[in-house]
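Each chain is listed here by its residues.
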Amino acid sequence: MKFKPSAITLALSLGLGLGLFPAPPQAVEITKIELPDMGDSSGTLITPAEEKEFGEAFFRSLHSQISINQDAEIQQYIQTIGERLVANSDAPSNPFHFFVVMENDINAFAGPGGYIGVNSGLILITEAESELASVMAHEIAHVTQRHLYRAYEASSRLSIPTAAATLAAILLGTQSPALGQAAIVAIQAGNVQFQIDFTRENEAEADRVGMQTLAGSQYDPRSMPTFFERLQQSSRYYGQNIPEFLRTHPVTASRISDTRGRAETYPYKQYPDSLGYQLAKAKIRVLTGTDNAETLKYFQARSTQGTIEQRTVARYGLGLCALNSQKFNEAETIFQQLGKEYPNQAQYVTALARTALDSKNYSTALARYKKLTEQFPDNEAIKLEYITSLLKAGNADLARKNLLLLKPKTQQQPIYSQLLAQVYSDLNQPAESHRYLAEYYYATGQTRDAILQIKLAQKSKGLNFQLSSILNERLNFFTNEEEEARRNR
């Protein structure tokens, strides 16, 4: 499928980082901003189907180039925060997909189709949940206001897969300059050019609209200037190693002053962090830590400081460190105690079940997860872990039945196809196993491996007409996309 110039203009326009360009001072005016009906130079718009397809291709390209979080609890947390913000945005009915990039760099970005990523490094430097929400609200505003609609000019010859890969590479240029530059050289070689001309007025509007979303979602509007200010102050300590994000998106005194002026028009009140925010940060710190001993010291120092809740979160972090080091008895003790003290806190009791699973005590793990699915029937993260425990315990048939009961949005995640592939492998149905493994590889940007898996599925015995037709259709689809990508390399 080829994009019209107008289509790629809009689609690529959504691929922006957390733009922190200096904004000019202006009068503070807290009035609801209506979403404009904008067009490009030709007066046409990208269709919803095109934008959806481009967004999915963009996300697949990201998977193939950076580390996207696969932890179900963290994904559930960031999606929940995002949906709360979107519900109070200028486009509450628009589809959005939120995810965490497991990179220590400070960054956040929005892509086509409402795909918004937040780096784990940015999450860890926030000191309040409202600060994290302010970043996400800012990105949501860029999407809903179509700010980069006219910022890119591109040839109409780009296919969706090529455009998506190009956008991902340009985006990743802030994290991997060599990769980004290689993509740009390839674009220029094909006589295709992208021109960026982002304005300070766009940034000011993103701040203003984002702040409205923030306040409407019951987060602290003052968190936006507070976070900007801390970014500005931290930049002076980096020396020559300043993050690319802060080089390309400087935070200035005028920007801070402008957002603070707007924030002060809202009534002051306390906005306590959710426990989910603190627990997600603790888990991200363990998962992204490069030195388990240092991470352990971090939580040990905080286990005797702060409020009861903060000390409890530190204990949770210590338990995760123990589990990460395969000190199962120590982890069991910590999570048993936390579970007794807070039996209705899902993260604590789930960590206890996970300890049994990781220590290969499958009967105990199954009993714990089964109880959790009854206690928290709407928690999809728990359901995914329960399905994993069923597979490890050798109960593939029940795992398959539970997979089919997951919500549609959960079934769109790559892990769904990965688990189904394991299910059918355990059920001795190789064709179905290869088929779903192909879908997993495709969803994570590995189209060549997807083609290989489809071919393996076609060689399996006992294929019926329906499955053969599905495999032929998917093979043609994957092959055409791979050939298109090869022509544009």
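For the structure itself, look to the data block above.
Residues numbered from 1 in each chain as written. Predicted model: local features only at pLDDT ≥ 70, side-chain atom pairs only at ≥ 80, totals over all residues. Heavy atoms only, no water.

**Q** Requested: an account of the packing of helix α18 (residues 380–392) against helix α21 (residues 414–426), with residues and values cited.
**A** Interhelical geometry of α18 versus α21 gives an angle of 20 degrees and a closest axis separation of 11 Å. Relative to α21, the element α18 lies roughly parallel. Along this stretch, α18 crosses α21, giving a crossing that reads as left-handed. In this structure, α18 contributes L384, I387, T388 and L391 to the contact, and α21 contributes I415, L419, Q422, V423 and D426. Grouping the amino acids of the contact of α18 with α21 by side-chain chemistry returns six nonpolar, two polar and one charged. (Axes fitted to C-alpha atoms, helices over the stretch in contact; angles between N-to-C directions. Helix = DSSP H or I, 4+ residues; strand = E, 2+ residues; numbered from the N terminus. Parallel < 35°, antiparallel > 145°, perpendicular 65-115°, else oblique. Left-handed = near helix turned anticlockwise from the far one by under 90°. Contact = heavy atoms within 4.5 Å. Nonpolar A, V, L, I, M, F, W, Y, C, P; charged D, E, K, R; others polar.)

**Q** Which residues make up the pattern of salt bridges, and what values go with them?
**A** One pass over the structure, following the stated rule, counts 23 salt bridges. A salt bridge links E73 to R354, with the nearest nitrogen and oxygen atoms 3.5 Å apart. Taken together, the positions of E73 in helix α3 (residues 72–86) and R354 in helix α16 (residues 346–358) put the pair 281 residues apart, joining distant regions of the chain. What makes R354 buried here is its relative accessible area of 11%. For E294, the salt bridge goes to K297, with nearest N and O atoms at 3.8 Å. Placement of the pair is E294 and K297 together in helix α13 (residues 292–302), with a separation of three residues, close to one helical turn. Owing to a relative accessible area of 45%, E294 belongs among the partly exposed residues under this scheme. Overlapping salt bridges, with partners in common, bring together D71, E73, K283, R354 and E385 in one network. (Salt bridge = Lys/Arg side-chain N within 4 Å of Asp/Glu carboxyl O. Buried < 20%, exposed > 50% of the residue type's maximum accessible area, 1.4 Å probe, protein only.)

**Q** A description of helix α14 (residues 308–324) should follow, citing residues and the corresponding values.
**A** Across its 17 residues, α14 extends 24 Å between first and last C-alpha, which sits within 8% of the 24 Å expected from 1.5 Å per residue. Among all positions in α14, only T312, V313, A314, Y316, G317, L318, G319, L320, C321, A322 and L323 are buried. Packed against the buried residues of α14 are α3, α12 (275–288), α13, α15 (328–341) and α16. (Expected span 1.5 Å × (residues − 1).)

**Q** Which residues make up the packing of helix α22 (residues 430–443) against helix α23 (residues 447–458), and what values do they have?
**A** Orientation of α22 relative to α23, taken along the N-to-C sense of each, is 170 degrees, at an axis distance of 8 Å. Taken as axis vectors, α22 and α23 run roughly antiparallel relative to one another. Contact residues: A431, H434, R435, L437, A438, Y441 and Y442 in α22; T447, D449, A450, Q453, I454, L456 and A457 in α23.

**Q** Go over unusual backbone geometry with me, naming the residues and quoting the values.
**A** Non-glycine residue Q218 carries a positive phi angle of around 65 degrees. With respect to the secondary-structure elements, Q218 resides in the loop between α8 (200–216) and α9 (223–235). The backbone of N428 shows a phi angle near 60 degrees, a positive value even though the residue is not glycine. Inspection of the secondary structure assignment puts N428 in the loop between α21 and α22. The class of N428 is exposed, set by a relative accessible area of 65%.

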